[in-house]
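Secondary and tertiary structure notes
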Amino acid sequence: MSHPIMFAAAKHLTSAEDRRKTAREAAFRTWGPRSITAASKYARTVLGDAAVTLDWEVLGLLSFEEHLQAFASLDTTGGQHLELYYTDLGGTERLSLRVSCVSCPSQHVHDVSSLEQLGQLLSQSPAWQDIAPREGGTF
């Protein structure tokens, strides 16, 4: 007959596995909303109140337990697609502007740390013609 400690260890292991499985399932269900909330909050911190108008979407699923990520499309103009990307990998939050070519594989990523810096990055894109206040842009 097996020793009672063996049954206790097996029961403890099974219970621990069930708790971890339940926690993973809960994290998976809440990952998307947590990503959107974190992106909105961080963008508002970095970019100010204007960031409230960003429409964040969940970006794929990577290691959902610790890696939050979302994106907000800004514009497609002059053959370039502009998007803001938010990531939080293990507590390190980051906001980036991704500029990608619509008809080619070219892509550039720039860290964004302020609204002024975002403006400087946008001033180097074809979108600037449509948004530049001094040049009669509409915003």
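Here the structure is a predicted model, which means the values were calculated and not measured.

Focus on the state of the cysteines
- On inspection of all chains with the given rule, the structure shows 1 disulfide.
- What pairs with C101 in a disulfide is C104, and their sulfur atoms sit 2.3 Å apart. Across the S-S bond of C101 and C104 the torsion is about 130 degrees, and the bridge reads as right-handed.
- The exposure class assigned to C101 is partly exposed, which follows from its relative accessible area of 23%.

Observations concerning the nonpolar core
- In terms of nonpolar packing, the biggest core is built from 24 residues, with L47, W56, L84, L95 and L97 touching the most fellow members.
- Going through the elements one at a time, α1 (4-47), β2 (67-77), β3 (80-89), β4 (92-101) and α2 (115-122) are the ones with two or more residues in this core.
- Here this core takes 7 residues from α1, the largest share from any one element.
- Excluding residues that lie within four positions of it along the chain, W56 makes contacts with I36, A39, S40, A43, A70, F71, A72, L84, Y85, Y86 and L95.

Rules and cut-offs
Residues numbered from 1 in each chain as written. Predicted model: local features only at pLDDT ≥ 70, side-chain atom pairs only at ≥ 80, totals over all residues. Heavy atoms only, no water. Disulfide = S-S within 2.5 Å. Buried < 20%, exposed > 50% of the residue type's maximum accessible area, 1.4 Å probe, protein only. Core = buried A, V, L, I, M, F, W, Y, C linked by side-chain atoms within 4.5 Å. Helix = DSSP H or I, 4+ residues; strand = E, 2+ residues; numbered from the N terminus. Contact = heavy atoms within 4.5 Å.

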